[in-house]
Amino acid sequence: MRRIRSVMASVRFPVSPTLLRRLAYTSIIANVAIVVTGGGVRLTRSGLGCPTWPRCTDESYIATPEMGVNGAIEFGNRLLTFAVGVIALAVVLAVLAQRTRPRGLLPLAIGVLFGIPAQAVIGGITVLTNLNPWVVGLHFLASMVVIAAAYALWRRTVEPDGPVSPTVPAPLRTLALLTTVVTAAVLVIGTWVTGSGPHAGDQGAARNGLDPEAISQVHADGVFLLIGLSVALLFAFRAVGAARAARAAGVLVAVELGQGLIGFVQYFTHLPAVLVAAHMLGSCLVLLATLGMLWTTRERRPAAPPAPAVPATPADQPVTAAA
């Protein structure tokens, strides 16, 4: 790592902060896209299109014509992982090329970069376990963690390097954190609903054994709680005059309502693949909207310039004894 830093420090044309922000934003989009395409693999029953991992077959690392469209879809999603990794690597190199960079930016960039192969390994385990629904759910949740890290990275690129200060009273910060925890819980329970439903990713894949109707009701109850907390935040932020936080809470409520509508429609229409894919995209948007709301409850102010050195006065000079 030290050698990489020394090389990047000698770059004649360092990456501009604007380009770094754009790369970080692209990383968010790419990680959301791979969640949706991964859902497409499952929804087209292509989860075992490549029946082993890391090879696609025992003899080949790539899909063969004999594997048909399912093999092409599964292998295409694997290739997309490399594209997402290249973007994450570009972000790390862009961070290293900065002459001055905010504290904590490099660890976030490295975390996103290493999170992508970790997520790919979990994806490989899903194949090796014949799409075990619990592992499939873990694969989705790992993607959510990477998306959260990519979002934190992007926000850090646009923040000054001063101290963090709250923008709302402490009770509202606590409520915002509670809302974030409930969002995470809803995402986790959502994977249980998926693991009990019909879209297993392959005709012979097992289900988690939970009652679909019962676990869907638990998931819906969590969504109702989440929307209630978000609406409470919206009015509370308005009451204390936190306009930026109130706007973020309003966006969160709108995204949650849209996601909830998709969820209800897909449930009562027996889970059509298009709506399930839209619901997976909505899950990513709910996470991002929640993080956006949470970020508005604090801010970083520009670092104070160092105090100028005060020259010593004659009275401050030490007295030396005569020889």
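As recorded by an unreviewed UniProt entry, the chain carries the name COX15/CtaA family protein and is attributed to Micromonospora fulviviridis. According to the UniProt record, the Subcellular location (unreviewed entry) comment for the chain is "Membrane". Per UniProt, the comment on the chain under Pathway (unreviewed entry) is "Porphyrin-containing compound metabolism."

**Student:** Please explain helix α4 (residues 105-128) as it appears in this structure.
**Tutor:** Spacing of three or four residues puts side chains on the same side of an α-helix, whose turn is 3.6 residues. For α4, with 24 residues, the first-to-last C-alpha span of 35 Å sits near the 34 Å given by 1.5 Å per residue. Once α4 ends, the next one or two residues include N130, with phi positive near 55°.

**Student:** Hey, could you run me through the packing of helix α5 (residues 133-157) against helix α9 (residues 273-295) in this one?
**Tutor:** Packed helices, taken two at a time, are described by their axes: the angle between them and the distance between them. The N-to-C vectors of α5 and α9 enclose an angle of 40°; their axes lie 10 Å apart at closest approach. Overall, the two elements α5 and α9 adopt an arrangement that is oblique. By crossing handedness, the relation of α5 to α9 is classed as right-handed. Residue-level inspection shows F140, M144, I147, A148, Y151, A152 and R155 of α5 in contact with α9, the latter providing M280, S283, C284, L287, L288, L291, G292 and W295. Grouping the amino acids of the contact of α5 with α9 by side-chain chemistry returns 12 nonpolar, 2 polar and 1 charged.

Conventions adopted
Residues numbered from 1 in each chain as written. Predicted model: local features only at pLDDT ≥ 70, side-chain atom pairs only at ≥ 80, totals over all residues. Heavy atoms only, no water. UniProt positions renumbered as here; feature names shortened; annotations may be inferred. Helix = DSSP H or I, 4+ residues; strand = E, 2+ residues; numbered from the N terminus. Expected span 1.5 Å × (residues − 1). Axes fitted to C-alpha atoms, helices over the stretch in contact; angles between N-to-C directions. Parallel < 35°, antiparallel > 145°, perpendicular 65-115°, else oblique. Left-handed = near helix turned anticlockwise from the far one by under 90°. Contact = heavy atoms within 4.5 Å. Nonpolar A, V, L, I, M, F, W, Y, C, P; charged D, E, K, R; others polar.

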